[in-house]
Amino acid sequence: MALRIAIPNKGRLNERTVELLIKSGLELDENWGRKLFLKIEKQDIEILFVRAQDIPEFVNSGSVDIGVTGEDQVAESGFKPEILLKLGFGFCRLVVAAPEKSKIKSIKSISNGTIIATSFPNITKKYFEKNKKKVEIINVSGAAEIMPYMGVSDIIVDLVSTGSTLKTNRLAEIATIMNSEAVIIGNKKSVKAKKEKIEEIVSAIESVLYAETKLFIVADVPSKKMGQINKLFPGVAGPTVIEISQSKDMVAIQVVIDKDKVYESVNSLRKLGAKGILTLQMERLVP
Ligand code: AMP
């Protein structure tokens, strides 16, 4: 049986999800953007393009085996799928925000009967129940930010990443309900029944994410400086050292470094007399 994967068909999570799948080695043909359904014969995988907010439901019912969506959507759905991998993008926070001019400055100062507009009614209900506030929730499918201005609600619960939309709408954050990022979720039965196939795709994506944080360095270095060079790269095994056939004094090294250390690493190597320093981006890295 083919492995069925649901991914967001548009919106903030779509592009990066497709990019990760392609980098992982799935052959999505160039027409993927216009399709709702894609069969990848070679790997026996079916991809369904659906709305991010519907994905927890599809995974829960077993209509798909795994899916990519936001943790906010998983929480709102109320389902408890397996979280197979956090994907490191789509970061946002679900916050309570009130008009800057409002007297409401904290959860404590919210009085019973306050009207809240949100597209996350379930999370909002639970949150205010936990905080022992009797509020009225109005379910909107988008543009919650303008609801106080329109007189529809007193405050809102909405997603924020930079905070600029709130500012533009003269709203101030008063509490964070949850943090969210994109995740791969799995149907509990599928995770058992299709264990191997699911592990293959999850570890492929994991290796792409890991490779993106690293760089591969190749350089020719003076052999007598190897002591200092080993100290520069104190990883588990240190650099790989290769003989250069035409040279007695130089050896070639290969080493994987954290991307954010590339400036220091290249400069240090240069100062130790390295030549032909090459930094390469890797596609996948399985540690
Ligand atoms: P979409 O509605 O398809 O654009 O997808 C929305 C999903 O993108 C949300 O459920 C979040 O998981 C994620 N996301 C990340 N940052 C934001 C943001 N600033 N506003 C809304 N959604 C965000």
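Before reading further, recall that the structure is shown in the block above.
This write-up is about the structure you can find in this document. Everything numeric in this text was worked out from a predicted model, so none of it was measured. (Residues numbered from 1 in each chain as written. Predicted model: local features only at pLDDT ≥ 70, side-chain atom pairs only at ≥ 80, totals over all residues. Heavy atoms only, no water.)

### Focus: the overall build of the protein chain
When helices and strands are tallied, the protein chain shows 10 helices and 15 strands. Taking the principal axes of its C-alpha atoms as reference, the protein chain extends roughly 80 × 50 × 35 Å. Every one of the 287 residues in the protein chain was classed for burial, and the buried ones make up 43%. For the protein chain, the proportion of contacts with a sequence separation of at least 24, taken over those separated by at least 6, is 71%. A total accessible area of about 16,400 Å² is found for the protein chain, and carbon and sulfur atoms account for 53% of it. The positive charge centre, built from 42 side chains, and the negative charge centre, built from 35, are 6 Å apart in the protein chain. (Helix = DSSP H or I, 4+ residues; strand = E, 2+ residues; numbered from the N terminus. Buried < 20%, exposed > 50% of the residue type's maximum accessible area, 1.4 Å probe, protein only. Contact = heavy atoms within 4.5 Å. Areas by Shrake-Rupley, 256 points an atom, 1.4 Å probe, with all protein chains shown as cover. Lys, Arg positive; Asp, Glu negative; His and termini not counted. Charge placed at Lys NZ, Arg CZ, Asp CG, Glu CD.)

### Description of the packing of aromatic side chains
As enumerated under the stated definition, the model contains one aromatic pair in all. With centroids separated by 5.2 Å and ring planes inclined at 85°, the aromatic side chains of Y127 and F128 adopt a geometry described as edge-to-face. For Y127, a relative accessible area of 12% corresponds to the buried category. The buried category is assigned to F128, whose relative accessible area is 1%. (Phe/Tyr/Trp six-rings, centres within 6.5 Å; stacked < 30°, edge-to-face > 60°.)

### Regarding the pairing of strand β8 (residues 136-139)
On a regular strand, each side chain points to the face opposite its neighbour's, so the side chains alternate between the two faces of the sheet. Summarising the sheet, strand β7 (residues 115-118) and β8 pair through four bridges and their orientation is parallel. Considered in β8, the bridge of I115 is made with E136. Crossover handedness for the path β7 to helix α4 (residues 121-130) to β8: right-handed. (Pairing = 2+ DSSP bridges. Right-handed = clockwise from strand over helix to strand, strands pointing away.)

### A few points about the pattern of salt bridges
Following the criterion strictly, the structure yields 13 salt bridges and no others. Taking the shortest distance from any N to any O, the salt bridge between E173 and R93 comes out at 2.6 Å. Of this pair, E173 sits in strand β10 (residues 171-180) while R93 sits in strand β6 (residues 92-99), and the two are 80 residues apart along the sequence. Overall, E173 belongs to the partly exposed group, its relative accessible area being 34%. For R93, a relative accessible area of 22% corresponds to the partly exposed category. When salt bridges that share partners are traced, they join R16, E19, K23 and E212 into one network. (Salt bridge = Lys/Arg side-chain N within 4 Å of Asp/Glu carboxyl O.)

### Comments concerning the environment of L84
Positionally, L84 belongs in strand β5 (residues 82-86). Separated by 143 residues in the primary sequence, L84 and G227 have C-alpha atoms spaced 41 Å apart. In this structure L84 touches I66, I184, I185, G186, V191, I198 and V202, once residues within four positions along its chain are discounted.

### Quick notes on the pairing of strand β13 (residues 240-243)
Relative to strand β14 (residues 250-258), β13 runs antiparallel, the two being bridged by four bridges. Residue pairing in the sheet places V241 in a bridge with I253 of β14. Connecting the antiparallel pair β13 and β14 is a turn made up of six residues.

### Side note on the nonpolar core
As a rule of thumb, nonpolar side chains are buried together in soluble globular proteins. In this structure, I47, L87 and I205 are the most contacted members of the largest nonpolar core, which totals 28 residues. Discounting chain neighbours no more than four positions away, the residues touching L87 are L20, V68, E181, A182, V183, I184, I205 and L209. Counting residues in each nonpolar core, the second largest holds 17 residues, with I110, F128, V157 and I174 among its members. (Core = buried A, V, L, I, M, F, W, Y, C linked by side-chain atoms within 4.5 Å.)

### A closer look at the layout of surface pockets
Take a probe with the size of a water molecule and roll it over the atoms, and the empty space left behind shows itself. By volume, the largest pocket is sized at about 1,100 Å³. In terms of lining, the largest pocket is formed by 37 residues, of which the most central are R12, D72, Q73, F120 and L159. Sorting the residues of the lining of the largest pocket by element identifies α3 (71-77), β9 (155-160) and α6 (164-168) as the ones contributing at least two each. Take the lining of the largest pocket: its biggest share by element is four residues, from α3. Its residues assigned to classes, the lining of the largest pocket shows 12 nonpolar, 17 polar and eight charged. (1 Å grid on protein atoms, 1.4 Å probe; cavity = no way out; pocket = protein on both sides within 12 Å on 5 of 7 lines; lining within 4 Å. Points joined across faces, edges and corners; volume = space filled by probe spheres on them. Nonpolar A, V, L, I, M, F, W, Y, C, P; charged D, E, K, R; others polar.)

Remember, this is a structural readout, not a statement about activity or role.
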